[in-house]
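# Observations on chain architecture
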Amino acid sequence: MSDPGDSTPSAPPAETRDEPEEPPLRLAIAIVRENGDWDAFGDVDSAVHRAAAALARNRQIALRQDCEASVVLADDALVRRLNRTYRGKDRATNVLSFPFQPPPGAGPLDAEIYLGDVVLAAETVGREAAERGIEPGHHLQHLVIHGLLHLLGRDHQSDAEAEAMERLEAEILAAIGVADPYAAEAA
């Protein structure tokens, strides 16, 4: 028989203990408004941050630490100049990604914390959304995710890489209620 004076509480079984969860890793996004009319895209800041947060929460991404990136809202003219200068293509495109290149003397940690810049072209993104019959804000989110994946080393040079990247983009977009952008193309 136990002593009534012994009131030491027993610990709950291990499987029911509330273990403190590790805080999710953050992907901080700085939005830089450079050029372009972004009014048709709704609340651009919220759309960009939701897309980045969904990417950071995805288990396949496996960020090792908190990190940062910039999303530059530009117009076709700026993106065309960047595309011509850095890729040798004299045309606008919807999104460009510029992974961070640490300056001489910078530590390797700098490149892990600051991922780089994603630059979007308002006119091209808006035109593509209209042509595809999708919400401009959803297309914006898709391209933010696409650009961030490039900063994280994902690419689509081969068919296998393209398929893997498309599946990952669709999965991340589904987490924020955006339809698979590739499903319409396949149909």
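This part takes up the overall build of the chain. Of regular secondary structure, the chain possesses 7 helices and 4 strands. Listed N to C, the secondary structure of the chain is β-α-β-α-β-α-β-α-α-α-α in terms of helices and strands. Split into buried and exposed, the 187 residues of the chain put 36% on the buried side. Partitioning the intrachain contacts of the chain with sequence separation of at least 6 by distance along the chain shows that 70% fall at a separation of at least 24. A total accessible area of about 11,400 Å² is found for the chain, and carbon and sulfur atoms account for 49% of it.

The next subject is the confidence of the model for the chain. Summing up the model confidence of the chain, the mean pLDDT is 85 and the portion of residues at 70 or higher is 81%. At the level of individual helices and strands, the chain shows its lowest average pLDDT in helix 3 (residues 108-113), which scores 65, and its highest in helix 5 (residues 136-151), which scores 97.

Strand order across the open sheet formed by 4 strands is 1-2-4-3, with mixed pairing between neighbours. With partners counted over all chains shown, the strands left at the sheet margins are strand 1 (27-33) and strand 3 (95-99), one partner each. The mean inter-strand angle of the sheet, taken between neighbouring strand axes irrespective of direction, is 20°. Sheet analysis places strand 2 (residues 67-74) next to strand 4 (residues 114-121), joined by 6 bridges and oriented parallel. The partner of Ala74 across the bridge, within strand 4, is Ala121. Helix 2 (residues 76-87) rests against strand 2, strand 3 and strand 4 of the sheet, and its axis sits at about 50° to strand 3. The sheet contacts of helix 5 involve strand 1, strand 2, strand 3 and strand 4, and relative to strand 4 the element is tilted by about 145°.

To continue, consider the layout of surface pockets. One water molecule sets the probe size; rolling that probe over the atoms shows where empty space is left. Roughly 390 Å³ of volume is contained in the largest pocket. For the largest pocket, the lining is made up of 16 residues, of which Arg87, Val95, His146, His150 and His156 are closest to its centre. When contributions to the lining of the largest pocket are tallied by element, the ones reaching two or more residues are strand 3 and helix 5. The leading source of residues in the lining of the largest pocket is strand 3, at 4 residues. Residue classes in the lining of the largest pocket are distributed as 3 nonpolar, 8 polar and 5 charged.

So, about the side chain of Gln141. Mapped onto the fold, Gln141 is located in helix 5. When neighbours within four sequence positions are excluded, Gln141 is seen to be in contact with Ala47, Arg50, Ala51, Leu173, Ile176 and Val178.

Further remarks concern the environment of Ile29. Looking at the element boundaries, Ile29 is found in strand 1. Considering only alpha carbons, one finds Ile29 and Asp45, 16 residues apart in sequence, at a separation of 9.6 Å. Ignoring any residue separated from it by four or fewer positions in sequence, one finds Ile29 in contact with Val48, His49, Ala52, Ala69, Val71 and Leu148.

In this section: the packing of aromatic side chains. Enumeration according to the criterion identifies 3 aromatic pairs in this entry. Ring centres 4.8 Å apart and planes at 45° place the aromatic pair Trp38 and Phe41 in the tilted group. Across the pair, exposure class does not vary: Trp38 and Phe41 are buried alike. Look at Tyr86 and Phe98: their rings are 5.4 Å apart centre to centre, the planes differ by 75°, and that puts the pair in the edge-to-face class. With a gap of 12 residues between them, Tyr86 in helix 2 and Phe98 in strand 3 connect regions that are remote in the sequence. Under the relative-accessibility criterion, Tyr86 is labelled exposed at 58%.

What follows is about the packing of helix 5 against helix 6 (residues 159-174). Packed helices, taken two at a time, are described by their axes: the angle between them and the distance between them. Direction vectors running N to C along helix 5 and helix 6 enclose 130°, while the axes themselves pass 10 Å from each other. One element, helix 5, and the other, helix 6, form an angle in the oblique class. Every pair of crossing elements has a handedness; the one defined by helix 5 and helix 6 is right-handed. Residues Gln141, His142, Ile145, His146, Leu149 and His150 of helix 5 form the contact with helix 6, whose own contacting residues are Met165, Leu168, Glu169, Ile172 and Leu173.

Rules and cut-offs
- Residues numbered from 1 in each chain as written.
- Predicted model: local features only at pLDDT ≥ 70, side-chain atom pairs only at ≥ 80, totals over all residues.
- Heavy atoms only, no water.
- Helix = DSSP H or I, 4+ residues; strand = E, 2+ residues; numbered from the N terminus.
- Buried < 20%, exposed > 50% of the residue type's maximum accessible area, 1.4 Å probe, protein only.
- Contact = heavy atoms within 4.5 Å.
- Areas by Shrake-Rupley, 256 points an atom, 1.4 Å probe, with all protein chains shown as cover.
- pLDDT = per-residue confidence, 0-100.
- Pairing = 2+ DSSP bridges.
- Axes fitted to C-alpha atoms, helices over the stretch in contact; angles between N-to-C directions.
- 1 Å grid on protein atoms, 1.4 Å probe; cavity = no way out; pocket = protein on both sides within 12 Å on 5 of 7 lines; lining within 4 Å.
- Points joined across faces, edges and corners; volume = space filled by probe spheres on them.
- Nonpolar A, V, L, I, M, F, W, Y, C, P; charged D, E, K, R; others polar.
- Phe/Tyr/Trp six-rings, centres within 6.5 Å; stacked < 30°, edge-to-face > 60°.
- Parallel < 35°, antiparallel > 145°, perpendicular 65-115°, else oblique.
- Left-handed = near helix turned anticlockwise from the far one by under 90°.

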